[in-house]
Structures are given as C-alpha cells and as structure tokens.
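Results of the structural survey
If you want the building blocks of each chain, they are given just below.
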Amino acid sequence: MGLLQTACWLLPASKRKNRILGRYGHQIPASARIAPNLVLGVKKFELGENCALGPFNTFKNNSLIHLEDEAGIGSFNWISAHPAYQELDAGAGTLVMGYGARIEGRNYFDCSGTIEIGAYSAVGGQRCTLQSHEPDMRAMVQTVGRITIGHHSLVGSNAVLLKGANLPPQSVLAAHATMLFRGQPNVESGVYAGTPAK
C-alpha cells in the first residue's frame, strides 16, 4: 500500500474519497461514510450500502474487511492481522460483519484468523478483546482460528473472546466475561457470563 492511498484514507468523509479508494481496488459505494482512519497494508475493503467507519480506527495487514449493508465501526478501534498466517490459510486476516452489525469504540480485534459478526449484532461497550490466534504448546507453533458471534447478539464491555469462541445467535456475552473454545461450539442461545463464560 503506497503513501498516496494511506493519505487518502486520512481524508474527511466524502463521495470523492470513496471514488478514489475504489480506484485502488476497494469496493466502496457512494453511500458509505468513511471518516479519517489509519489503514496500512490492508488488501481489500468490501463495504455495503450505508456503511460507516468512524474516525481514528487503525486497520493493519488484513486480507479482507467485509461489511454488509448498514454495518458500522465506531472510533479508536485497533483491527489488525499478522500477514504470515495468510500464507497458510486463505481465510486468515478477515473481518466479516453482517447486515446492521456494529463494533463500538476502543476495542482490539486480532484478525490473524477470521472474525465473523452476525447480522444486527454488536461488540461493545468498549475495550473488548477478540484474539483469533494462540500458541499450540505441544507443537510449539502459533495457530489461527475463527471467532463467531451469531446474529442479534451482544458482547458487553471488557469481554474477551479467544480463538474458537462461538457466541450463539440471540445471545449476550456479559461484561468482563471470557469466552473460549471448550471442545465443541456453543449452540444454545442465552446469557453467557464468567471466566470461562457459560
């Protein structure tokens, strides 16, 4: 990603900005509103109609940022991926947000694997951590995986979701809870709280 494209992402929201970013290979409709953001090394943005990116987010080394119509990201979020994993897994480095999904402010998203947020779901509050990679201590290697938040669900402030976490549709992950993979995906809708969340 060149300096000119980085500078373009830092411009105020405008239809002209959207058109320029489209020339760099991103899929950005005229109705999208993109405030100044720091974007470094992201291969592609795919934004739906009426999407919104608030100000002062950092996007770094993602392979794909995909937002369906009406989805939005607040401000001061850090959304990044380690590019080495993308050589091993074609889906690595990806953030996918469904219709009307929201990420509020001041959250940390490690998208070294894949993070998927279902339609009409929201993350935050603030200061949530989603970590999609972790070490395999037996094999002595780093591994990546998927974090899934089902449709019409809510993640409270300061919650942590680790590699393999699955919040079912129409569920709540309480503030300060930690959700991790427990051998099989969660399937029952409900309120999940505690560490580990259950």
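Residues numbered from 1 in each chain as written. Predicted model: local features only at pLDDT ≥ 70, side-chain atom pairs only at ≥ 80, totals over all residues. Heavy atoms only, no water.

Moving on, we come to the packing of aromatic side chains. The final tally for this structure, using the stated rule, is four aromatic pairs. Each ring, one from Trp-9 and one from Phe-45, has its centre 4.5 Å from the other, and the planes form 40 degrees; the classification is tilted. Highlighted residues: Trp-9 in helix 1 (residues 3-9) and Phe-45 in strand 3 (residues 45-47), separated in sequence by 36 residues. You can call Trp-9 buried: its relative accessible area is 0%. (Phe/Tyr/Trp six-rings, centres within 6.5 Å; stacked < 30°, edge-to-face > 60°. Helix = DSSP H or I, 4+ residues; strand = E, 2+ residues; numbered from the N terminus. Buried < 20%, exposed > 50% of the residue type's maximum accessible area, 1.4 Å probe, protein only.)

Moving on to the environment of Val-123. Here Val-123 shows up in strand 13 (residues 122-126). Residue class for Val-123 comes out buried when judged on its relative accessible area of 0%. As for Val-123 and Tyr-85, which are separated by 38 residues in sequence, their C-alpha atoms are 24 Å apart. Not counting residues within four places of it along the chain, the set of residues in contact with Val-123 comprises Arg-102, Ile-103, Glu-104, Asn-107, Phe-109, Ile-117, Cys-128, Leu-130, Ile-149 and Val-155. (Contact = heavy atoms within 4.5 Å.)

This part is about unusual backbone geometry. Geometrically, the link from Gly-124 to Gly-125 is a cis peptide bond, its omega value of 0 degrees lying close to zero. Take Gly-125: it is sitting in strand 13. Residue Thr-195 is joined to Pro-196 through a cis peptide bond whose omega torsion reads -5 degrees. Assignment of secondary structure puts Pro-196 in the segment after strand 23 (191-192).

On to the sheet that holds strand 20 (residues 166-167). Neighbouring strands of a sheet are bound in pairs by backbone hydrogen bonds; such pairs are parallel or else antiparallel. Here six strands make up an open sheet; going across it, the order is 3-6-9-12-17-20 and the pairing parallel. The outermost strands of the open sheet, each flanked by one partner alone, are strand 3 and strand 20. (Pairing = 2+ DSSP bridges.)

To continue, consider a nonpolar patch on the surface. A surface patch of nonpolar side chains, about 220 Å² in accessible area, is lined by Leu-10, Leu-38 and Leu-40. Here Leu-40 lies in strand 2 (residues 38-40). Looking at Leu-40, the relative accessible area reads 33%, which means it is partly exposed. (Patch = residues over 30% accessible without salt bridge, like charges linked within 9 Å, V, L, I, M, F, W, Y side chains within 5 Å. Areas by Shrake-Rupley, 256 points an atom, 1.4 Å probe, with all protein chains shown as cover. Salt bridge = Lys/Arg side-chain N within 4 Å of Asp/Glu carboxyl O.)

We now examine the sheet that holds strand 5 (residues 58-60). Spatial ordering of the open sheet is given by 2-5-8-11-14-19-22, a layout of seven strands whose pairing is parallel. Sheet topology places strand 2 and strand 22 (178-179) at the edges, where each strand pairs with a single neighbour. With two bridges connecting them, strand 19 (residues 160-162) and strand 22 associate as parallel partners. Bridged to Val-160 within strand 22 is Thr-178.

When you line up the elements, Ala-175 lands in the loop between strand 21 (172-173) and strand 22. A residue is classified by how much of its surface remains accessible, and Ala-175, at 42% relative accessible area, is partly exposed. Through-space distance from the C-alpha of Ala-175 to that of Ala-159 is 5.3 Å; in sequence the pair is 16 residues apart. Ignoring sequence-local partners within four residues, the contact set of Ala-175 consists of Gly-156 and Ser-157.

Relative to strand 6 (residues 64-67), strand 3 runs parallel, the two sharing three bridges. The residue bridging Phe-45 from the neighbouring strand is Ile-65, located in strand 6. Pairing geometry for strand 6 and strand 9 (residues 94-97), over four bridges, is parallel. Pairing of Ile-65 across the sheet is with Leu-95, part of strand 9.

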